[in-house]
Amino acid sequence: MCATCGCSEAAHPHEHHHEHEHRHGPEHGPDHVHHDAHRSRRVLLERDVLEKNDRAAGRNRGSFAARRLLAINLVSAPGAGKTTLLERTVREAGLPVCVIEGDQATSRDADRIRAAGARALQINTGAGCHLDAEMIERALPSLEPAPGSLLVIENVGNLVCPALFDLGEHAKVLLASVTEGDDKPLKYPHMFRAASLLLLNKVDLLPHVSFDVSRFAGAAREVNPRLSILHTSATRGDGLQAWYGWLRARSGELSARSRAAAGADRR
Amino acid sequence: MHELGIAMRVIDLAVESSAGGRVSRIVLEVGKLAAVLPDALRFCFATAAEGTAAEGAQLDIVEVPGMARCRACGGSVELSRPFGRCSCGGSDLEWLSGEELRIRELEVV
């Protein structure tokens, strides 16, 4: 095989016109275009496949900062209790909340959030298995979150794909439930690694299921030693004050940081 | 499941960079820790390429090994899955490589 172009011939002459075309702007560097004698060109690209998403995530971070929004990407398997948790959060957390809902179909979840008293926008992903940063970017102008509020992005129920797509959020919060099996962190390690906070939900059902809480916590910390874990029941109310406290602390840190930044600007 | 979307992005990027030519080969780096399955990606690729300037292109996947540094002792750890332990027992690892999802090069005719 020719080592230069990978074709099946042994060595053969290659003309290397190093054109160094700057086609994609300075952030990507020049493409090195190598022409060879049989007119196939080798283009050294070195481009990240997710760069388009990551650039949109960067723009989202700018929008969140401009409106002093705390943005939380709430992820879980289907049916872990995300929407129930959010209904109570809207009513009880003492923070202005607005929600972007991601589901493959229907606006049921957004309807539930609106009924609880918060502004909500539904994104239907159709066949898509996750939300991406561009969907969030498009949703923000119509949602118009009030400055200083908590923006929760309720991702599509899926423990695989949403781990890969940065939305520009401040933190991923992972909701797992005791009906799912205590070995889940080892089976879906990417999501458990990506999360900052893990809520173990439906703890009111513990007497009825064989779920070993310490085995689960051990597996979660094996994958992510820095993970904080809270035990909650979004229906009975266990642990919710701790969850609201976590949100208020993050929101407070963010306001303190933006006040400090504004102070630095004035000086 | 996200591999179809990723295959489509790979094809978009390749076609966009081919300056109107036909893409005959794509060399893609996929890290061992990237949460992307090379087999699933290959499965989606041919279908996603149909009707584009990359139809029939060969997809060469170069798997990049996962490497990490132990935050406890500084030792290096090779990872084949997204968690593991250092020989000192530490599991708080800083990933150094293995998350790549990058088109390295194209061949255009």
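Everything discussed here concerns the structure shown above.
Criteria and thresholds
- Residues numbered from 1 in each chain as written.
- Chains lettered and ligands numbered in written order.
- Predicted model: local features only at pLDDT ≥ 70, side-chain atom pairs only at ≥ 80, totals over all residues.
- Heavy atoms only, no water.
- Pairing = 2+ DSSP bridges.
- Helix = DSSP H or I, 4+ residues; strand = E, 2+ residues; numbered from the N terminus.
- Axes fitted to C-alpha atoms, helices over the stretch in contact; angles between N-to-C directions.
- Contact = heavy atoms within 4.5 Å.
- Buried area = accessible area lost by both parts, 1.4 Å probe.
- Salt bridge = Lys/Arg side-chain N within 4 Å of Asp/Glu carboxyl O.
- Polar contact = N/O pair within 3.5 Å; in protein donor to acceptor, adjacent residues only side chain to side chain.
- Nonpolar A, V, L, I, M, F, W, Y, C, P; charged D, E, K, R; others polar.
- Phe/Tyr/Trp six-rings, centres within 6.5 Å; stacked < 30°, edge-to-face > 60°.
- Buried < 20%, exposed > 50% of the residue type's maximum accessible area, 1.4 Å probe, protein only.
- Expected span 1.5 Å × (residues − 1).
- Arc of directions from axis to C-beta.
- Parallel < 35°, antiparallel > 145°, perpendicular 65-115°, else oblique.
- Left-handed = near helix turned anticlockwise from the far one by under 90°.
- Core = buried A, V, L, I, M, F, W, Y, C linked by side-chain atoms within 4.5 Å.

1. Quick look at the sheet that holds strand β7 (residues 171-177) of chain A
Residue and element names in this part refer to chain A.
Here is step 1: With parallel pairing, the seven strands of this open sheet are ordered in space as β5-β4-β6-β3-β7-β8-β9. Looking at strand neighbours, the two that pair on one side only are β5 (119-124) and β9 (228-231), the edges of this open sheet. The average undirected angle you get between the axes of adjacent strands in this sheet is 20 degrees.
Here is step 2: Note: strand β8 (residues 197-201) against β9, four bridges, orientation parallel. The residue bridging Leu 200 from the neighbouring strand is His 231, located in β9.

2. A word on the interface of chain B and chain A
Interface size is often expressed as the accessible area that is lost when the parts come together.
Here is step 1: Each partner contributes to the interface: chain B provides 35 residues, whereas chain A provides 34 residues.
Here is step 2: Both sides of the chain B and chain A interface together cover about 3100 Å² of buried area, and 56% of this is carbon and sulfur.
Here is step 3: Counting across the chain B and chain A interface gives six salt bridges.
Here is step 4: At the junction of chain B with chain A, the criterion picks out 12 residue pairs in polar contact (both at pLDDT 80 or more).
Here is step 5: Sorting the residues of the side of chain B that touches chain A by element identifies α1 (3-16), β1 (23-31), β5 (93-97) and β6 (101-108) of chain B as the ones contributing at least two each.
Here is step 6: Per-element accounting of the side of chain B that touches chain A gives the leading share, eight residues, to β6 of chain B.
Here is step 7: For the side of chain B that touches chain A, the class distribution of residues is 19 nonpolar, four polar and 12 charged.
Here is step 8: With six bridges joining them, strand β2 (residues 41-48) of chain A and β6 of chain B adopt antiparallel strand pairing. Bridge pairing links Arg 42 of chain A to Glu 107 of chain B in β6 of chain B.

3. As for the packing of aromatic side chains
Each aromatic ring pair is described using two quantities: the centre-to-centre distance and the angle formed by the ring planes.
All names here are of chain A.
Here is step 1: Taken as a whole and assessed by the stated rule, the structure comprises three aromatic pairs over all chains.
Here is step 2: Between Phe 211 and Phe 216, the ring centres sit 5.2 Å apart and the planes meet at 45 degrees, which makes this aromatic pair tilted.
Here is step 3: With a relative accessible area of 9%, Phe 211 lands in the buried category.
Here is step 4: Accessibility expressed as a relative area gives 2% for Phe 216, which makes it buried.
Here is step 5: Look at Trp 243 and Trp 246: their rings are 6.1 Å apart centre to centre, the planes differ by 15 degrees, and that puts the pair in the stacked class.

4. Some points on helix α2 (residues 38-49) of chain B
Residue and element names in this part refer to chain B.
Here is step 1: When the terminal C-alpha atoms of α2 are compared, their 16 Å separation across 12 residues agrees well with the 16 Å that a helix rising 1.5 Å per residue should span.
Here is step 2: Those residues of α2 lying buried are Pro 38, Leu 41, Cys 44, Phe 45, Ala 48 and Ala 49. Along the axis of α2, the buried positions cluster into a sector of 125 degrees, meaning they face one direction only. Exposed side of α2, more than 90 degrees from the buried face: Asp 39, Phe 43, Ala 46 and Thr 47 are the residues found there.
Here is step 3: Those residues of α2 that are buried are in contact with α1, β1 and β2 (58-64).
Here is step 4: After α2 finishes, the residue Gly 51 shows a positive phi value of roughly 80 degrees.

5. Some thoughts on the packing of α1 of chain B against α2 of chain B
Residues and elements named next belong to chain B.
Here is step 1: Where α1 contacts α2, the two axes come as close as 8 Å, and the packing angle between them is 55 degrees. The orientation of α1 relative to α2 falls into the category oblique. For the element pair α1 and α2, the recorded crossing hand is right-handed. Here α1 contributes Glu 3, Leu 4, Ile 6, Ala 7, Met 8, Val 10 and Ile 11 to the contact with α2, which in turn contributes Ala 40, Leu 41, Cys 44, Phe 45, Ala 48 and Ala 49.

6. As for the nonpolar core
Here is step 1: One finds Ile 6, Val 10, Ile 26, Leu 28, Leu 41, Ile 103 and Leu 106 of chain B to be the most contacted residues of the largest nonpolar core, which totals 31 residues.
Here is step 2: At the level of secondary structure, the elements contributing two or more residues to this core comprise β2 of chain A together with α1, β1, α2, β2 and β6 of chain B.
Here is step 3: In terms of residue count, the dominant contributor to this core is α1 of chain B (six residues).
Here is step 4: Filtering out sequence-adjacent residues up to four positions away, Ile 26 of chain B remains in contact with Val 10, Ala 14, Phe 45, Gln 58, Leu 59, Asp 60, Ile 103, Glu 105 and Leu 106 of chain B.
Here is step 5: Listed in part, the 30 residues of the second largest apolar core include Val 99, Leu 240, Tyr 244 and Leu 247 of chain A.

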